[in-house]
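Listed below, chain by chain, are the residues.
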Amino acid sequence: MGPELIVPPTYSPIPPAIHPRHEAIEIRTTAWAERFAIGSDELRERLVTHGIGAFSARILPEGQEEVVSLLADFVLWLFGVDDGYCEEGDLGCSPGGLTAVLHRLLRVAQNPEAQLLRADPLAEGLRDLRSRVSRYGTEGQTARWLDALREYFFSVVWEASHRSEGTVPSLSDYTLMRLYDGATSVVLPILEMGHGYELQPYERDRTAVRAAAEMASFVITWDNDIFSHHKESRSEGYYLNVLRVLQHEHGIGPDQALTTAIAQRDRVMTLFMRLSAQLRHEASPQLRQYLNGLASFIRGSQDWGITSLRYTTPDDPAGLPTTLRETPTDDSHEPLDIPVISWWWDLLPAGDGTPPRCGNGDASA
Ligand code: 3E9
Ligand code: MG
Ligand code: MG
Ligand code: MG
Ligand code: MG
Ligand code: MG
């Protein structure tokens, strides 16, 4: 049986890059997974073949090596939770049971010295991650990381309620859930730590800056849904993915859902580039670094998504592209008709994207 869908090259205006130490980072992450025995033996054997070290090396191509390693170990740990607990385990069908387990893990992250879950591999791995987050981050960044972990956990409980009922959320609800359940927001504080700077709250919490981060999460998770659809749709049991949501919402087939999802991510990608360019005009050096970090996160996820064995699955090959393209399939500046995010487009002046003749254009990225 061939792949159900052939995914065409997707749009990327961001150049590729990878940290030169990616091979060493890969080896260390495999050793870390073994040391803490993350996931079942079977899950761990799979995870260490997925190039998670290289993924992190693409997200932080110029980052401090120790923080790239921290990110890689953390992403592997997140898959220990997301695959091991949510998608492949019984807890994923039990929102209440999952809530209790995740709350205890949060307590471990917040107070590693607390005497709970002392023999639990995911908890011990999390203690190690927390100590490294504190070492490379400030108090404020550590608190951000904990809050983001909480919002990720909250969203996977929502996902578990759909899984337990076998229901498919509306596109707007799915979009809201997906801003968090791809764990993208938990990576954001590590983008700062990787380059040894701290974005100040007055900039980070500006609506437009928060929106830029959400746009990055949207593109990264839509891309993941597009590239992981083959893996997910062939897995046993329930799966939630934007292609499934679009088919359900609009009564369309998989090919049309794929075209629609690509157009949506292209529209948001275009908006992200325009908004980033506008924000740079009055940005601090830290905000400029942060915007670059978001861009690397998007591009790194794209490059990893089309090459990782996690998604290419050579034994049952997915129809993934081997290249990207330079132009969007949909270059409209109109808002997407998704209530939870359509306000993003209000952050920029309407128009055809041609910079005004005098000043305030968004052409100087
Ligand atoms: C992603 O969604 C689940 C996250 C917990 C994976 C950990 C990765 C990151 C924090 C970086 C963001 C990258 C992404 C979204 C790939 P999903 O659909 O369960 O991932 P899957 O790999 O199973 O398709
Ligand atoms: Mg998931
Ligand atoms: Mg998954
Ligand atoms: Mg510190
Ligand atoms: Mg938010
Ligand atoms: Mg996926």
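In what follows, the structure referred to is the one given above.
Residues numbered from 1 in each chain as written. Chains lettered and ligands numbered in written order. Predicted model: local features only at pLDDT ≥ 70, side-chain atom pairs only at ≥ 80, totals over all residues. Heavy atoms only, no water.

**Student:** Can you walk me through the coordination of the magnesium ion (ligand 3) in this structure?
**Tutor:** Ideal values for angles at a metal depend on the geometry: 109.5 degrees with four tetrahedral donors, 90 or 180 degrees with six octahedral donors. The protein atoms donating to the magnesium ion (ligand 3) are E87 (OE) and E87 (OE), with metal-donor distances spanning 2.3 to 2.6 Å. A separation of 3.3 Å is found between the magnesium ion (ligand 3) and the magnesium ion (ligand 2), both of which receive a donor from E87. The residue E87 is located in helix α4 (residues 65-87) in this model. (Donors = N, O, S within 2.8 Å, 3.2 Å for Na, K, Ca; no water. Helix = DSSP H or I, 4+ residues; strand = E, 2+ residues; numbered from the N terminus.)

**Student:** Explanation requested: the site of ligand 1 in the structure shown.
**Tutor:** In the vicinity of ligand 1 lie 20 residues, with E87, N224, K231, R310 and Y311 positioned nearest. At a separation of 3.0 Å, an oxygen atom of ligand 1 approaches a polar side-chain atom of R178. A distance of 2.7 Å separates an oxygen atom of ligand 1 from a polar atom in the side chain of R310. Against a free-state accessible area of 550 Å², the protein chains account for coverage of 98% of ligand 1. For the shell around ligand 1, the secondary structure elements donating two or more residues are α4, α8 (171-181), α9 (184-194), α11 (207-234) and α15 (309-312). At five residues, α4 tops the list of elements feeding residues into the shell around ligand 1. By residue class, the composition of the shell around ligand 1 is nine nonpolar, four polar and seven charged. (Near = heavy atom within 4 Å. Polar contact = N/O pair within 3.5 Å; in protein donor to acceptor, adjacent residues only side chain to side chain. Areas by Shrake-Rupley, 256 points an atom, 1.4 Å probe, with all protein chains shown as cover. Nonpolar A, V, L, I, M, F, W, Y, C, P; charged D, E, K, R; others polar.)

**Student:** Explain the coordination of the magnesium ion (ligand 2) to me, please; I cannot follow it from the model alone.
**Tutor:** Around the magnesium ion (ligand 2), the protein contributes the donor atoms D82 (OD) and E87 (OE), at 1.9 to 2.0 Å from the metal centre. Accessibility expressed as a relative area gives 33% for E87, which makes it partly exposed. (Buried < 20%, exposed > 50% of the residue type's maximum accessible area, 1.4 Å probe, protein only.)

**Student:** Quick question: what am I supposed to make of the environment of M177 here?
**Tutor:** Inspection of the secondary structure puts M177 in helix α8. Accessibility expressed as a relative area gives 0% for M177, which makes it buried. Sequence spacing of M177 and Q247 is 70 residues, and the spatial spacing of their C-alpha atoms is 18 Å. Apart from residues no more than four positions distant in its own chain, M177 is found in contact with S155, W158, E159, H162, P169 and L240. (Contact = heavy atoms within 4.5 Å.)

**Student:** Can you walk me through the pattern of salt bridges in this structure?
**Tutor:** All told, the structure shown has 24 salt bridges when counted by the stated rule. Salt-bridge contacts for D225 lead to R178; the nearest nitrogen and oxygen are separated by 2.9 Å. In this pair, D225 sits in helix α11 while R178 sits in helix α8, placing the two residues 47 residues apart along the sequence. A salt bridge links E214 to R210, with the shortest nitrogen-to-oxygen separation between them at 3.0 Å. Pair noted here: E214 and R210 are both in helix α11, with a separation of four residues, about one helical turn. The exposure class assigned to E214 is buried, which follows from its relative accessible area of 13%. Among the residues examined, R210 registers a relative accessible area of 38% and is labelled partly exposed. Several salt bridges converge on common partners, so that one network encompasses R21, R28 and E65. (Salt bridge = Lys/Arg side-chain N within 4 Å of Asp/Glu carboxyl O.)

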